[in-house]
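Listed here are the chains, written in short residue letters.
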Amino acid sequence: MGALKPWHIAVLVVVLILLFGAKRLPDAARSLGRSLRIIKAETKSLHDDDRDLAEKADAQTGYQPLPPQQQVAQPQQQFAPQPQQPVAPPVDPVQRVREN
């Protein structure tokens, strides 16, 4: 039971020919083949995109920081400390509108 025998296939072909006609079957098979090719190409491109993203992520985690560069000794200038200006407290825009 459940085995597909040759006469099952023959009956299926006869039924398809009777339903769709001999002229429409090649066109239907051709369009089905095109659709399957499109689906295959799209799924392959999705897998390639995922692989590319994974490679980029791996490449970014592999970066090492540059070693510190040798600085040329330059005379340091002494700057007088700047006095800090008082910072105004933040103003709530809603409160400002209500006051006016």
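Residues numbered from 1 in each chain as written. Predicted model: local features only at pLDDT ≥ 70, side-chain atom pairs only at ≥ 80, totals over all residues. Heavy atoms only, no water.

### Re the overall build of the protein chain
Let me state the cut-off plainly: Each helix corresponds to a stretch of at least 4 residues labelled H or I by DSSP, and each strand to a stretch of at least 2 residues labelled E; elements are numbered beginning at the N terminus. Here the accessible surface of atoms and residues is derived via Shrake-Rupley with a 1.4 Å probe, and residues count as covered only by protein chains that are part of the display.
A tally of regular secondary structure across the protein chain gives three helices and zero strands. Going from the N terminus to the C terminus, the protein chain shows its helices and strands as α-α-α. Accessible area for the protein chain stands at about 10700 Å²; split by element, carbon and sulfur atoms hold 61% of it.

### Side note on the pattern of salt bridges
What counts is decided by this rule: Just to be clear on terms, a salt bridge is a Lys or Arg side-chain nitrogen sitting within 4 Å of an Asp or Glu carboxyl oxygen. Under the scheme applied here, a residue whose accessible area is under 20% of the maximum for its type counts as buried, over 50% as exposed, and between as partly exposed, the area being computed with a 1.4 Å probe on protein chains only.
For the structure on display, the rule yields two salt bridges. Of the charged contacts in the structure, one is a salt bridge between Arg30 and Asp27, with a shortest N-O distance of 2.9 Å. Note that Arg30 and Asp27 are positioned in helix α2 (residues 24–61) at a spacing of three residues, about one turn of the helix. By relative accessible area, which is 43% here, Arg30 ends up partly exposed. Between Asp48 and Arg51 there is a salt bridge whose closest N-O contact spans 3.1 Å. Taken together, the residues span about one helical turn, with Asp48 and Arg51 both in helix α2 at a distance of three residues. For Arg51, a relative accessible area of 48% puts it in the partly exposed group.

### Some points on a negative patch on the surface
Short version of the rule: Patch criteria: residues need more than 30% relative accessible area and no salt bridge. Like-charged residues are merged within 9 Å; nonpolar side chains of Val, Leu, Ile, Met, Phe, Trp and Tyr are merged within 5 Å. Charge assignment: positive for Lys and Arg, negative for Asp and Glu; neither His nor the chain ends contribute. One atom stands in for each charge, and that atom is NZ of Lys, CZ of Arg, CG of Asp or CD of Glu.
Residues Asp49, Asp50, Asp52 and Glu55 make up a contiguous surface patch of negative charge. Structurally, the position occupied by Asp49 is in helix α2. Asp49 gets classed as partly exposed once you look at its relative accessible area, which sits at 41%.

### Quick word on the confidence of the model for the protein chain
Selection rule: Known as pLDDT, the predictor's per-residue confidence is scaled from 0 to 100.
Confidence along the protein chain averages 78 in pLDDT terms, with 74% of residues attaining 70 or more. Element-level pLDDT for the protein chain is lowest in helix α3 (residues 93–99), with a mean of 74, against a maximum mean of 88 in helix α1 (residues 6–20).

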